[in-house]
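Spelled out, the chains give:
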Amino acid sequence: MKSSTALGFVIFAAVPMGLMFWNFKGVKTAYLERSEGFESIERELEAIKLESARLEDVNNNLMHQISIEKENNASLIKEKEGLELRLENYRDSGSPDLGEREWTADELKARKKIEELVVKIRELPIKRKLKYRYSNWEVMASAFSKMPGMATMDEASFQSRAYAAMGFVNPGTDVRSRTLDLLKGQLGAAVYVGNDTIFLNEDSSIVNSYDGSALAIEIARALQDQHFELNTSLDDWLFNDDARLALWALAAGDTNLFKIRYQLQSNISSTGTTQAATRMSKQQFELIPSFIREYYLFPFSLGDRFCQTLYDKERWQSVNNAIARPPLSTSQIIHPELFGSNEDPKPERFRWNINTIQIDDVNPIWNNVAGELAIALLLNQSNFLERMTELGQPDIINMPELVSKGIEHFSERDGSIAAAGWLGDRYLVYPNGEGEGGKDHVFWMTKWTNKKDAKEFYDAILKSIQFRRSVKLNESGDEMIHSESGGRYISIKIIEDNMVRIIDAGDKKFADKIIEKFEPSSP
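Residues numbered from 1 in each chain as written. Predicted model: local features only at pLDDT ≥ 70, side-chain atom pairs only at ≥ 80, totals over all residues. Heavy atoms only, no water.

1. With respect to the packing of helix α6 (residues 209-228) against helix α8 (residues 241-266)
Turning to step 1, where the next piece is worked out: Two elements in contact, α6 and α8, have axes separated by 10 Å at closest approach and are oriented at 140°. With respect to each other, α6 and α8 are oriented oblique. Seen from above, α6 lies across α8 with right-handed handedness. Here α6 contributes Gly-212, Ser-213, Ala-216, Ile-217, Ala-220, Arg-221 and Gln-224 to the contact with α8, which in turn contributes Ala-251, Asp-254, Thr-255, Phe-258, Lys-259, Tyr-262 and Gln-263.
Turning to step 2, where the next piece is worked out: Class assignment for the residues of the contact of α6 with α8 results in six nonpolar, five polar and three charged. (Axes fitted to C-alpha atoms, helices over the stretch in contact; angles between N-to-C directions. Helix = DSSP H or I, 4+ residues; strand = E, 2+ residues; numbered from the N terminus. Parallel < 35°, antiparallel > 145°, perpendicular 65-115°, else oblique. Left-handed = near helix turned anticlockwise from the far one by under 90°. Contact = heavy atoms within 4.5 Å. Nonpolar A, V, L, I, M, F, W, Y, C, P; charged D, E, K, R; others polar.)

As structure tokens, then:
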């Protein structure tokens, strides 16, 4: 009984234990199966990581290839644009010869941008394609000899003789050569030479902001010529250098106003040099005869003041209207408030028939208008030289700068005051031998606003001629006269209250013929 009970107990106890071990085996089997599943997932994850890295490498390689292709495309586009600009440049030039050197792609792009900005600022379109040419300094400088208003080689000797006889320059001065010296000395990176053509210095680069500004100024001058036929108009003023200089001053003032606005929009310092002298030192500049220096720099010194007065009214439209109907004298440039007003009568031209002004079958070698500016310079120069002589320094022959120092500095001088009130003049210079020593014959008629202005000039020119000719004029009736036997005859006379007539002849015989020709009613 006891043994069966014990066996039953053992069996009873073994069944749960067996069941427990069976369950444990099942758990272990499940755990092992799960472990194998995790390992499989890890292997899959590792495979995914490797594939992802591979794809990333492929993507990077593709992106790099795309970047290379983009750079290649950009380079090709840039090269294409450069070739198109070069082709356009050849077409515009009208010639396969573009000058001393080729344009770089950067220069061609810069030129196009400069053109666009000039048109925008000046508010004038380019009517005809402009032609550009790189040249050396000598070729650029030679263009000045052909500029409007410049005396030709055939006229040069007569101009020099006439200027000496009038007292503008010392005898023996080559006016044309010294004028060209002055203008060449101011030559910068570019110059407009007419015919829609601009020369540029081969050593310049318009990528440089200052050289680019110089080009912009010359493009603006080309626009003046295209829209208003400026060069033709300058050549139209035959026998009237004063009116030509007034138009030149208007044109120079226009480009100076433009230059200021161009520099502002281009962020170029106004203190920078754009058209500075490249060949002339200060000492060389001061050796240019003062009359030539002041006369030919007048447009650049006082023209901008005149144009600013116009611009303040209707901006560029006022300037355009003035170029289309320009001032008739330097008097209007000096006194801009008179231009276009009712108080600005047209100057007397003394238009003598050039076919009837011969004396003894001899034509004058020079027939021209002095104008307020030239008269003021003549009188101021004479006053300065006389003063230097009084101080014991007669070797100082060039007066200091006047017009370049501003209108106030110029206007307050005695000679400028005496020249104010000008209302017209004309002078004729007849040959007297070879004209040595400024001894050609001069006949000069002037008209003034009123009797007072005429008297001021009368007194001033009397003083000037007496000093320059080293003579003394004496009163004789209604005129002041100097007469020496077989020598020079000088007469200064007020006519009709507001006109002053000057005769400065080599002898009395020729002076009488002048009077007979131009004052037939005189006794």
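2. Notes on the sheet that holds strand β3 (residues 197-201)
Turning to step 1, where the next piece is worked out: Spatially, the three strands line up as an open sheet ordered β1-β3-β2, and their pairing is mixed. Whereas interior strands pair on both sides, the edge strands pair on one side only; in this sheet they are β1 (131-135) and β2 (190-194). The average angle at which neighbouring strand axes cross in this sheet is 30°, direction not considered.
Turning to step 2, where the next piece is worked out: Bridge analysis of β1 against β3 gives five bridges, and the strand direction is parallel. Paired with Tyr-132 across the two strands is Ile-198, which belongs to β3. (Pairing = 2+ DSSP bridges.)

3. Structural notes on unusual backbone geometry
Phi is mostly negative for residues that are not glycine, and the peptide bonds are mostly trans.
Turning to step 1, where the next piece is worked out: Despite not being glycine, Asn-195 has its phi angle at roughly 55°, a positive value.
Turning to step 2, where the next piece is worked out: Its identity as a non-glycine residue notwithstanding, Phe-239 has a phi of 60°, on the positive side.
Turning to step 3, where the next piece is worked out: Within the secondary structure, Phe-239 sits in the loop between α7 (230-236) and α8.

4. Description of helix α16 (residues 508-518)
For the α-helix, the turn length of 3.6 residues means that residues three or four positions removed from each other point alike.
Turning to step 1, where the next piece is worked out: Within α16, the full set of buried residues consists of Phe-510, Ala-511, Ile-514, Ile-515 and Phe-518. Relative to the axis of α16, the buried residues are bounded by an arc of 145° and lie together on one face. Facing away from the buried side of α16 by more than 90 degrees, the exposed set consists of Lys-509 and Glu-516.
Turning to step 2, where the next piece is worked out: Buried positions along α16 lie against β5 (422-430), β6 (441-448), β9 (489-495) and β10 (499-505).
Turning to step 3, where the next piece is worked out: The distance from a side-chain oxygen at the start of α16 to the backbone nitrogen of Lys-509 is 3.2 Å, and the residue carrying that oxygen is Asp-507. (Buried < 20%, exposed > 50% of the residue type's maximum accessible area, 1.4 Å probe, protein only. Arc of directions from axis to C-beta. Polar contact = N/O pair within 3.5 Å; in protein donor to acceptor, adjacent residues only side chain to side chain.)

5. Topic: the nonpolar core
Turning to step 1, where the next piece is worked out: Of all hydrophobic cores here, the largest spans 116 residues; its most connected members are Phe-168 and Trp-444.
Turning to step 2, where the next piece is worked out: Those residues in contact with Phe-168 that sit more than four places away from it in its chain are Tyr-163, Phe-291, Ala-370, Ala-374, Leu-378, Gln-381 and Tyr-427.
Turning to step 3, where the next piece is worked out: Counting residues in hydrophobic clusters, the runner-up holds 18 residues, among them Phe-443, Ala-505, Ile-515 and Phe-518. (Core = buried A, V, L, I, M, F, W, Y, C linked by side-chain atoms within 4.5 Å.)

6. Here we look at the packing of aromatic side chains
Turning to step 1, where the next piece is worked out: The tally for this structure, following the rule as stated, stands at 20 aromatic pairs.
Turning to step 2, where the next piece is worked out: An aromatic cluster is present here, built from Tyr-163, Phe-168, Trp-248, Phe-291, Tyr-295, Tyr-296, Phe-300 and Tyr-427 joined pairwise through their rings.
Turning to step 3, where the next piece is worked out: The positively charged end of Arg-111 is found above the aromatic ring belonging to Trp-103, 4.7 Å away from the centroid.
Turning to step 4, where the next piece is worked out: For the cation-ring pair, Lys-508 lies above Tyr-489, with the distance from its terminal atom to the ring centre recorded as 5.6 Å. (Phe/Tyr/Trp six-rings, centres within 6.5 Å; stacked < 30°, edge-to-face > 60°. Lys NZ or Arg CZ within 6 Å of the ring centre and 35° of its normal.)

7. Points about the sheet that holds β9
Turning to step 1, where the next piece is worked out: Pairing is antiparallel across the open sheet formed by seven strands, whose spatial order is β4-β5-β6-β10-β9-β8-β7. The sheet is open, and its two borders are formed by β4 (366-368) and β7 (474-476), each paired with just one other strand. Along the sheet, successive strands turn relative to each other by an average axial angle of 15°, direction set aside.
Turning to step 2, where the next piece is worked out: Examined bridge by bridge, β7 and strand β8 (residues 479-483) share three bridges and lie antiparallel to one another. Along β8, the bridge assignment pairs Ser-476 with Glu-479.
Turning to step 3, where the next piece is worked out: Sheet strands in contact with helix α12 (residues 371-390) are β5 and β6, and its direction is about 70° off that of β5.
Turning to step 4, where the next piece is worked out: Against the sheet, helix α15 (residues 451-469) contacts β6, β8, β9 and β10, and its axis sits at roughly 175° relative to β9.

8. A look at the packing of α8 against helix α10 (residues 290-324)
The relative placement of two packed helices is expressed as an angle between their axes plus a distance between the axes.
Turning to step 1, where the next piece is worked out: At a minimum axis separation of 5 Å, α8 and α10 run at an interaxial angle of 70°. Viewed along their axes, α8 and α10 adopt a mutual orientation that is roughly perpendicular. The interaxial crossing formed by α8 with α10 has right-handed handedness.
Turning to step 2, where the next piece is worked out: Of the residues contributing to the contact of α8 with α10, the split by class is 20 nonpolar, four polar and five charged.

9. Some thoughts on a nonpolar patch on the surface
Turning to step 1, where the next piece is worked out: There is a patch of nonpolar side chains on the surface, built from Ile-41, Leu-45 and Ile-48 and spanning about 290 Å² of accessible area.
Turning to step 2, where the next piece is worked out: Within the secondary structure, Ile-48 is located in helix α1 (residues 2-93).
Turning to step 3, where the next piece is worked out: Taking relative accessible area as the criterion, Ile-48 reaches 54% and is therefore assigned exposed. (Patch = residues over 30% accessible without salt bridge, like charges linked within 9 Å, V, L, I, M, F, W, Y side chains within 5 Å. Areas by Shrake-Rupley, 256 points an atom, 1.4 Å probe, with all protein chains shown as cover. Salt bridge = Lys/Arg side-chain N within 4 Å of Asp/Glu carboxyl O.)

10. Remarks on the side chain of Asp-242
Turning to step 1, where the next piece is worked out: Along the chain, Asp-242 turns up in helix α8.
Turning to step 2, where the next piece is worked out: For the buried residue Asp-242, which engages in no salt bridge, the nearest side chain bearing the opposite charge is Arg-349, 5.3 Å off.
Turning to step 3, where the next piece is worked out: Aside from chain neighbours lying at most four places away, what touches Asp-242 is Tyr-295, Leu-328, Ser-329, Thr-330, Val-369, Ala-370, Gly-371, Glu-372 and Trp-422. (Lys, Arg positive; Asp, Glu negative; His and termini not counted.)

11. Let's talk about the environment of Ile-114
Turning to step 1, where the next piece is worked out: Considering the arrangement of structural elements, one finds Ile-114 in helix α2 (residues 105-122).
Turning to step 2, where the next piece is worked out: Note: C-alpha distance between Ile-114 and Ala-216 (102 residues apart in sequence) is 6.2 Å.
Turning to step 3, where the next piece is worked out: Contact partners of Ile-114, with chain neighbours within four places excluded, come to Ile-206, Gly-212, Leu-215, Ala-216, Ile-219 and Tyr-262.

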